[in-house]
Amino acid sequence: MLNRKDTSYYKTISYNFNKLIEQISSQNQNNLDWWVTSAADRNPFVSRSFQEYCAALNSINRQESLKPQNNNLAWPKLSTVYIAQLFRNLFKSLKNKFKKIIRVYLILFYEVLKRIFQLVVARITKKNNLELRGPLILIDIFAFPGYYSKDRYYNGLWDKLSNDEKSFTYFVPTLAFTKIKDYFKAYKEIRNIKRNVLVKEDFLKVSDIAYALLHFFRVRFLKFPTIIENGIDFSKPIKEEIKSFSRFSSAIEGILNYRFIRRLKKNNVDIKLVLDWWESQAPDKGLHLALHRYYPDIPVIGYLGYAPRDLELQLFPTEYESNAHVIPKIIGVIGDGFVESIKRYYPQQNVTKVPAFRFQHLWDEKKSKVHNKPSILIALTVLHGESIGILNLVKQNLEVLKKTNLDILIKPHPTMTIEQMKKGLESDWPSEFEIVQGPTDEYIRSSKILVTGMSSIALESLAIGKPTIVIEHAEDLPLIPIPNDIPQDMWRYCSGESQFCDAFEQFIYMDCQEQENFAEKGKNIRAKYFEPVSRDGVLKLLKL
């Protein structure tokens, strides 16, 4: 079972894994197809290579003390039963390989249909041609159900700009978590946004889509050095990960971002600055590589708009990524407390504090208009398995929660449907669980306690003095969303019913003096980790 102490061990593994990826990157430094793979991401959420690397080293460590004393091992007798078992295993292996091949080509077929249909829908819904008066400021965002026209990423930025500044500022949406059948609805809503919008598909051509899809074949010709460590060739799991195409859609998005910037250059679009919602994944890497090649002299800022977790490797840039120009020139973090930590692997990286747009409510003392009754807030995360684990643990302790007579609010992540959430529960949905939607800030201020997982809402809660319980997810790395210098008496990291009950009862029955102490500590957290949103801050960010 993982606990907080394990983070130091995984940091060491992470450093070694970075070196491994660096060896491969050195032979593919200028190759876009390499940089948009999930292996190059170094994202522990999705990188099978990293997960297998950790598992292999853990296995080696366990086996060191279990080496057999007798090396005189005999060959098994070739009995009829043994031979039959060999054939069964061979048949099973061939069957699994066949399934993998079918799956991979189905992924390609689906992506072809999706991208072509998306381009067609974009063309149909397109209005008059835009008159782009440069130089432009381009702001990268994601558009998904509930947030096609609503701003989830830069709350308050648009309002801080003058009409003249707005005239050359454009938001560039990437469609995400959207079913193909909803594309018409999504694009119509996007095109009716009151803010300026630049739709990538208005510039992309069929040839760009084809080039991106051919990544499926080109990636098979990437150069891979043999990397032996502890007698294991770790280049093999990286090759297998890439050829599994588990993140094919993300890779395509990265290549299309590259081709979009290329199209802007060909159309003589003048750009003043690019603000990228930066998570250092394939779409970001494709974008930054293109900006370096086609707009090398403009400011490019990667906006890290949430609290980075210690083991999110991709959020800590490396020198080899900088040399390959796949990371932003400047990384903007939402508070002073994150500036130095981002430089962990590359001290020369330019990192600066910028407004914490999604968290401006932390300075608003007004009561919520949606929910102002005392409550227990259960905030689920982007990880489906972790969210289901949190729900089941809370359900197991329902009787303890009911004794407080507080509302039990369940806030799913925007990417999680109510059906998915209810289906994952081990028993019937309790009537006491009240599902709430919309911005988290509508509920967090009235809560008495927050229960969550790896979400940055944990730090958000502590910044307004709310006690917080972070639930451990045993199947994943310890992605704890709280910096090491946060007072330990304000939050608990729990696994299992017993730890959860102890933490809950400790926090829920705090007296007034303890609550006031938490509120004061919260102000210090807010000051260090969340930069207020102001016009001066926005102008500084956008170099205006």
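Provided above is the structure to which this section pertains.
The structure presented is a predicted model; accordingly, all values stated were derived computationally and were not measured. (Residues numbered from 1 in each chain as written. Predicted model: local features only at pLDDT ≥ 70, side-chain atom pairs only at ≥ 80, totals over all residues. Heavy atoms only, no water.)

(A) Molecular detail of unusual backbone geometry. A positive phi angle, close to 60°, is found at Asn268, a residue other than glycine. For Asn268, a relative accessible area of 69% translates into the label exposed. Its identity as a non-glycine residue notwithstanding, Ser280 has a phi of 55°, on the positive side. Tracing the chain through its elements places Ser280 in the loop between strand E5 (271-277) and helix H12 (282-294). (Buried < 20%, exposed > 50% of the residue type's maximum accessible area, 1.4 Å probe, protein only. Helix = DSSP H or I, 4+ residues; strand = E, 2+ residues; numbered from the N terminus.)

(B) View of the side chain of Asp202. Following the sequence through the fold, Asp202 ends up in the loop between helix H7 (183-191) and helix H8 (206-213). Accessibility expressed as a relative area gives 19% for Asp202, which makes it buried. A polar contact is formed between the side chain of Asp202 and the side chain of Arg191, at a distance of 2.8 Å. When sequence neighbours within four positions are dropped, the list of residues in contact with Asp202 reads Ala122, Arg123, Lys126 and Arg191. (Polar contact = N/O pair within 3.5 Å; in protein donor to acceptor, adjacent residues only side chain to side chain. Contact = heavy atoms within 4.5 Å.)

(C) Examining the sheet that holds strand E2 (residues 169-175) more closely. On the basis of which strands lie adjacent, the open sheet formed by six strands has the order E2-E1-E5-E6-E7-E8 and parallel pairing. Because the sheet does not close on itself, it has two edges, and the strands there are E2 and strand E8 (350-353). Strand-to-strand twist in this sheet, taken as the mean axis angle between neighbours without regard to direction, amounts to 25°. Where strand E1 (residues 136-143) and E5 come together, four bridges link them in parallel fashion. Note on E5: the bridge partner recorded for Ile139 is Leu275. Lying on the sheet, H7 is in contact with E1 and E2; it crosses E2 at an angle near 170°. (Pairing = 2+ DSSP bridges. Axes fitted to C-alpha atoms, helices over the stretch in contact; angles between N-to-C directions.)

(D) Region of the structure containing the pairing of E2. With seven of its seven residues buried, E2 lies for the most part within the structure. Of the two faces of E2, the one holding Thr169, Phe171, Pro173 and Leu175 and the one holding Tyr170, Val172 and Thr174 are both buried throughout. One ladder, built from seven bridges, connects E1 with E2; its direction is parallel. Paired with Ile139 across the strands is Phe171, a residue of E2.

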